[in-house]
Amino acid sequence: MVEKLNILITGASSGIGEALAQYYAEHGAKNLFISGRNAERLHKVAELCRQKGANVFEKQINVDSRLEMSEWIKACNQQAPLNIVYANAGISTGEETTDNAYNTFNTNVMGVLNTIHPAIDIFKQRPNGKKAIVITSSIAGYHGLTACPSYSASKACVKAYGEALRGSLKPFGIQVNVICPGFVKSRITDKNTCPMPFFMSAEKAAKIIAAGVENNTGLIAFPWPMRLGVWFLSILPNCLSQYIYNALPHKV
């Protein structure tokens, strides 16, 4: 149970973010602060959460904006001291153009930094209580993928950063969890035409993630067959792993 916890989730207008918001609404979170770029979709999610009895505050915002994110997170914390902050917002690259590459890194990397660092500064000033930072990476972050260079690289970046922060922030009583999901139903995967092994619903993914955060699991990577597979590929000699990855379907 997450009763009495105040939780902030970016990228909550669809996919894993939406499912997490609804999960916590159902399981007694005290306050939910959710954000997204699409106001209409975000409002629908907020209404669904309110119907489940949650106290919800929605904010249309782009995680790319460092100043706006800092001001919003500080305002949320003043309203209700935050306990869990999910840096979940992310995008796929699509065609690997220069503009799309910059957009991918701006959202998937800088957007994470813009979310977690205001929260870290807040948490460091708080002596006790639940303090958790949760970063959404991807199974794709285990190795650079020829089919999606910017996406896999951006996810590898935040995976490594979150794993490193877990140790560095432990003395402050701040837990850090990194999520590496496989194929989960979302607006991104709805566009995919490639095979998606071990495809799962966002609701199932949210339950796995929430349980991992509650148990303070450092790396929440699933489903386990994909985790095992990508881990094995990541330790192969580059000439072998590259040959295999080159044959994989394109992620859009």
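What comes next is a walk through the structure.

With that out of the way, let us pick up the pattern of salt bridges. Between side chains of opposite charge, pairing is possible as soon as their charged atoms come close. Within the structure shown, the criterion is met by 5 salt bridges. With a closest N to O distance of 3.8 Å, Glu-40 and Lys-44 form a salt bridge. With a gap of 4 residues between them, Glu-40 and Lys-44 both fall in helix 2 (residues 39–51), about one helical turn apart. By relative accessible area, Lys-44 is classed as exposed at 52%. Across the pair Arg-50 and Glu-58 runs a salt bridge whose closest N-O atoms are separated by 3.1 Å. Judged by relative accessible area, which is 30%, Arg-50 ranks as partly exposed. Put simply, Glu-47, Arg-50 and Glu-58 are held in one network by salt bridges that share partners.

Glycine aside, residues mostly have negative phi, and peptide bonds are mostly found in the trans state. Going from Phe-222 to Pro-223, the amide bond is cis rather than trans, its omega being -5°. In this structure, Pro-223 sits in the loop between strand 7 (219–222) and helix 7 (224–235). A positive phi angle, near 55°, is found at Asn-216, a position not held by glycine. Among the structural elements, Asn-216 can be located in the loop between helix 6 (202–214) and strand 7.

What follows is about the environment of Ile-209. Mapped onto the fold, Ile-209 is located in helix 6. C-alpha separation for the pair Ile-209 and Val-134, spaced 75 residues apart in sequence, amounts to 9.5 Å. Sequence-distant contacts of Ile-209, defined by excluding residues within four places in its chain, comprise Ile-16, Leu-20, Tyr-86, Ile-179, Ile-220 and Phe-222.

The residue Arg-37 is located in the loop between strand 2 (31–36) and helix 2 in this model. Residues in contact with Arg-37, not counting those within four places in the same chain, are Gln-60, Ile-61, Asn-62 and Ile-91.

What follows covers the nonpolar core. Counting residues in hydrophobic clusters, the biggest one holds 35 residues, and the most contacted among them are Ile-7, Ile-9, Tyr-24, Leu-32, Ile-34, Ile-84 and Tyr-86. For this core, the secondary structure elements donating two or more residues are strand 1 (6–9), helix 1 (15–26), strand 2, helix 2, strand 4 (84–87), strand 5 (132–136), helix 6 and strand 7. In terms of residue count, helix 1 provides more of this core than any other element does, 7 residues in total.

A few words now on the side chain of Thr-136. Tracing the backbone shows Thr-136 in strand 5. With a relative accessible area of 6%, Thr-136 lands in the buried category. Within polar-contact distance, the side chain of Thr-136 engages the side chain of Asn-88 at 3.0 Å. Discounting residues that sit within four places of it in the chain, Thr-136 has contacts with Ala-87, Asn-88, Lys-155, Val-158 and Ile-179.

Spatial strand order, 3-2-1-4-5-6-7: 7 strands in an open sheet with parallel pairing. Where the open sheet ends on each side, the last strands, each with one partner, are strand 3 (55–60) and strand 7. Across the sheet, the axes of successive neighbouring strands diverge by a mean angle of 15°, strand direction being ignored. In this structure, strand 6 (residues 175–181) lies alongside strand 7, joined through 4 bridges in parallel fashion. If you follow Pro-181 over to strand 7, its bridge partner there is Phe-222. Seen against the sheet, helix 3 (residues 66–79) touches strand 1, strand 2 and strand 3 and runs at an angle of roughly 165° to strand 2. The sheet contacts of helix 6 involve strand 4, strand 5, strand 6 and strand 7, and relative to strand 7 the element is tilted by about 155°.

Attention now goes to the packing of aromatic side chains. In the structure shown here, the tally under the stated rule is 3 aromatic pairs. Considering the side-chain rings of Tyr-23 and Tyr-24, the 5.4 Å spacing of their centres and the 85° angle between planes classify their relative orientation as edge-to-face. The class of Tyr-23 is buried, set by a relative accessible area of 16%. Using a relative accessible area of 1% as the deciding quantity, one classes Tyr-24 as buried. Seen in terms of ring centroids, Phe-33 and Phe-57 are 5.1 Å apart; in terms of plane orientation they differ by 20°. Their pairing is stacked. You can see Phe-33 sitting in strand 2 and its partner Phe-57 sitting in strand 3, a full 24 residues away along the chain. According to the relative accessible area criterion, Phe-33 is buried, its value standing at 1%. The side chain of Lys-124 reaches across the aromatic face of Phe-172, ending 4.8 Å from its centre. The ring centre of Tyr-142 lies 4.6 Å from the NZ or CZ of Lys-159, which sits over that ring.

Thresholds applied
Residues numbered from 1 in each chain as written. Predicted model: local features only at pLDDT ≥ 70, side-chain atom pairs only at ≥ 80, totals over all residues. Heavy atoms only, no water. Salt bridge = Lys/Arg side-chain N within 4 Å of Asp/Glu carboxyl O. Helix = DSSP H or I, 4+ residues; strand = E, 2+ residues; numbered from the N terminus. Buried < 20%, exposed > 50% of the residue type's maximum accessible area, 1.4 Å probe, protein only. Contact = heavy atoms within 4.5 Å. Core = buried A, V, L, I, M, F, W, Y, C linked by side-chain atoms within 4.5 Å. Polar contact = N/O pair within 3.5 Å; in protein donor to acceptor, adjacent residues only side chain to side chain. Pairing = 2+ DSSP bridges. Axes fitted to C-alpha atoms, helices over the stretch in contact; angles between N-to-C directions. Phe/Tyr/Trp six-rings, centres within 6.5 Å; stacked < 30°, edge-to-face > 60°. Lys NZ or Arg CZ within 6 Å of the ring centre and 35° of its normal.

It is worth stressing that arrangement in space is one thing and function is another; only the former is reported here.
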